[in-house]
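Tertiary structure, described
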Amino acid sequence: MIERAPNKRMEDLDVPIILIVAVLAVLSVLMVSSASRVNLTGDPSYFYIRQALWFALGFAAMFAVIRYDYADYCRYWKWLYGFGVGSLLLVFAVGSVTNGAQSWFHLGPFKFEPAELMKIIFILFLAQLLQNAEQIGSFRQFAKILSLVLLPVGLVTLQPDLGTAMMMAAIVCGMFWTAGIVRRQILVLVSLAGGTLAALWAIYLLRKDLFFSLIHPYQWERLTMFLHPDAAQNGAGYQLHQSMLAIGAGQVWGEGLYRGIQTQGAWIPERHTDFIFAVIGEELGFAGAGLLLFSYCWLLLRMIKIGREARDPQGSLIAAGVVSMFLVQVFENVGMTMSLTPITGITLPLMSYGGSSILSSMLAIGLVLNVGYRRKKIKF
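Keep in mind that what you see is a predicted model, and the values were worked out from it rather than measured. (Residues numbered from 1 in each chain as written. Predicted model: local features only at pLDDT ≥ 70, side-chain atom pairs only at ≥ 80, totals over all residues. Heavy atoms only, no water.)

We now examine the overall build of the protein chain. Scanning the protein chain from terminus to terminus reveals 16 helices and three strands. Residue burial in the protein chain is summarised as follows: out of 380 residues, 51% are buried. (Helix = DSSP H or I, 4+ residues; strand = E, 2+ residues; numbered from the N terminus. Buried < 20%, exposed > 50% of the residue type's maximum accessible area, 1.4 Å probe, protein only.)

Set out below in structure tokens:
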């Protein structure tokens, strides 16, 4: 039974992380306000007010997560895993379709994406199962963990939501690396990934009809558009082209908040969600975008520090999972707006509009703060 520290103080919290998140929250509301002023709803305040409310809920959830020892959450991983997988199955029956993916529950005026919550559950159940270095070396234990991982990843892929599936894979890789899996297990993972890609490529070459029944044509277009961004000016090509025009127009200092031509002219699709970085690049310029990326780097470094100073392997694994999730998510989202990476529909954490994304990000940060809050020895 893990004991709690009743005499813990607010000074034990990592204040820089809280300040970074607060600054990003304010910037997010401002940029969503700018991005949603034109041609999204009749009420220009609709999106940024909801975004501010989601952040208020997110901060409440973040501090609530800190209240109980992170080991207590990991201990109930079976219940959490069952709930997460059950939600992913239920969404196929009663979920709604948005942007071609059946991945949402409509709860009155709100939408909830169970895959976002599954990312947090991933971190908790892997932290529980990977904390014992001796058990990791067992092929039986490794096979058990791999099967538990592949089920939800497969369900998310079938929605289809390739972006979230990629985030889950990033969490797994980061936590496996931190746990210190042995060479033969690395070879198994590489073989699985390589075999899957080789099989898909063979199907693409030999049976394009079968390939496009597995991967929709619009998904394939989005995934490969970054290789030839100037080849098309419609569909995914149009979105990418407008995004690159906006970022280039921002130059060093930007065109000014609410003054971006591409943004205020509503030329950028999904500008308040997936392509919010294009709005930041246009209106705040290289300086604003650079400061945003610096903030993410600082946030990641603070979380890495907490992981290195954690009291046990479980805490280090939780920090590793959250860092992996944020690192790949930021890299992929920023890259796709500039034709450096495939367009996967991944949001920019703590910046894009969306309640599910904000709550999952705030819960993840709360878990890292929880690890940091309890990294010191308990004093009696």
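Quick look at the packing of aromatic side chains now. Summed over the entire model, instances satisfying the criterion amount to six aromatic pairs. Plain terms: the ring middles of Phe 142 and Phe 176 are 6.0 Å apart, the flat faces sit at 50° to each other, and that makes the pair tilted. Placement of the pair is Phe 142 in helix H7 (residues 139-158) and Phe 176 in helix H8 (residues 162-179), with a sequence separation of 34 residues. Using a relative accessible area of 3% as the deciding quantity, one classes Phe 142 as buried. Given a relative accessible area of 2%, Phe 176 falls into the buried group. Among the aromatic residues, those joined into a cluster by ring pairs are Trp 77, Tyr 81, Phe 122 and Phe 125. (Phe/Tyr/Trp six-rings, centres within 6.5 Å; stacked < 30°, edge-to-face > 60°.)

Residues Phe 122, Phe 125, Leu 126 and Phe 326 are the most contacted members of the largest nonpolar core, which totals 95 residues. Each residue touching Phe 125, except ones within four places of it in the same chain, is listed here: Trp 77, Tyr 81, Leu 148 and Val 149. (Core = buried A, V, L, I, M, F, W, Y, C linked by side-chain atoms within 4.5 Å. Contact = heavy atoms within 4.5 Å.)

Looking now at the layout of surface pockets. Estimates place the volume of the largest pocket at around 1600 Å³. Surrounding the largest pocket, 40 residues form its lining, Ala 169, Ala 193, Thr 196, Leu 197 and Leu 200 being those nearest its centre. Broken down by secondary-structure element, the contributors of at least two residues to the lining of the largest pocket are H7, H8, helix H9 (183-206), helix H10 (208-214) and helix H11 (217-224). With 10 residues, H9 is the single largest residue contributor to the lining of the largest pocket. Partitioning the lining of the largest pocket into residue classes produces 31 nonpolar, eight polar and one charged. (1 Å grid on protein atoms, 1.4 Å probe; cavity = no way out; pocket = protein on both sides within 12 Å on 5 of 7 lines; lining within 4 Å. Points joined across faces, edges and corners; volume = space filled by probe spheres on them. Nonpolar A, V, L, I, M, F, W, Y, C, P; charged D, E, K, R; others polar.)

With that out of the way, let us pick up a nonpolar patch on the surface. On the surface, a nonpolar cluster with roughly 230 Å² of combined accessible area is contributed by Val 26, Leu 30 and Leu 257. Looking at where Leu 257 falls in the secondary structure, it is placed in the loop between helix H12 (236-250) and helix H13 (261-264). (Patch = residues over 30% accessible without salt bridge, like charges linked within 9 Å, V, L, I, M, F, W, Y side chains within 5 Å. Areas by Shrake-Rupley, 256 points an atom, 1.4 Å probe, with all protein chains shown as cover. Salt bridge = Lys/Arg side-chain N within 4 Å of Asp/Glu carboxyl O.)

The next thing to look at is unusual backbone geometry. Non-glycine residue Gln 251 carries a positive phi angle of around 50°. Secondary-structure assignment places Gln 251 in the loop between H12 and H13. Gln 251 sits in the exposed class, given a relative accessible area of 62%. Positioned with a positive phi, Tyr 258 is a non-glycine residue whose angle comes to about 70°. With respect to the helices, strands and loops of the structure, Tyr 258 is situated in the loop between H12 and H13. The class for Tyr 258 is partly exposed, based on a relative accessible area of 30%.

Moving on, we come to the side chain of Gln 51. Mapping Gln 51 onto the fold places it in helix H2 (residues 46-66). Judged by relative accessible area, Gln 51 falls into the buried class, the value being 0%. Apart from residues lying up to four places away in sequence, Gln 51 is in contact with Ser 28, Val 29, Val 32, Met 351, Ser 352, Tyr 353, Gly 354 and Ile 358.

Relative to the elements of secondary structure, Ser 316 occurs in helix H15 (residues 313-337). On the basis of relative accessibility, which here comes to 21%, the residue Ser 316 falls in the partly exposed class. A C-alpha to C-alpha distance of 9.0 Å links Ser 316 and Gln 131, two positions 185 residues apart in sequence. With residues near it in sequence (within four places) discarded, Ser 316 still touches Thr 178, Gly 307 and Ala 310.

What follows concerns the pattern of salt bridges. If you walk through the whole model with that rule in mind, you get seven salt bridges. Here Lys 305 makes a salt bridge to Glu 309, at a shortest N to O gap of 3.0 Å. By relative accessible area, which is 34% here, Lys 305 ends up partly exposed. Each of Asp 69, Arg 311, Asp 312 and Arg 374 takes part in one network of salt bridges that share partners.

Here we take up helix H16 (residues 355-373). Counted at 1.5 Å a residue, the expected span for H16 with its 19 residues is 27 Å, and the 26 Å between its end C-alpha atoms agrees. Within H16, 17 of the 19 residues are buried, which leaves it mostly tucked inside the rest of the structure. (Expected span 1.5 Å × (residues − 1).)

What follows covers H2. Over its 21 residues, H2 extends 31 Å from the first C-alpha to the last, a length consistent with the 30 Å expected when each residue adds 1.5 Å. Close packing links the buried residues of H2 with helix H1 (15-35), helix H3 (70-75), strand E3 (110-112) and H16.

At a closest axis distance of 10 Å, the pairing of helix H4 (residues 77-94) and H7 adopts a crossing angle of 25°. Judged by the angle between their axes, H4 and H7 are roughly parallel. By crossing handedness, the relation of H4 to H7 is classed as left-handed. Counting all contacts with H4, which are made through Trp 77, Tyr 81, Val 85, Leu 88, Leu 89 and Phe 92, the residues of H7 involved are Ser 147, Leu 148, Leu 151, Pro 152, Leu 155, Val 156 and Leu 158. Looking at the contact of H4 with H7 residue by residue, the classes come out as 12 nonpolar, one polar and no charged. (Axes fitted to C-alpha atoms, helices over the stretch in contact; angles between N-to-C directions. Parallel < 35°, antiparallel > 145°, perpendicular 65-115°, else oblique. Left-handed = near helix turned anticlockwise from the far one by under 90°.)

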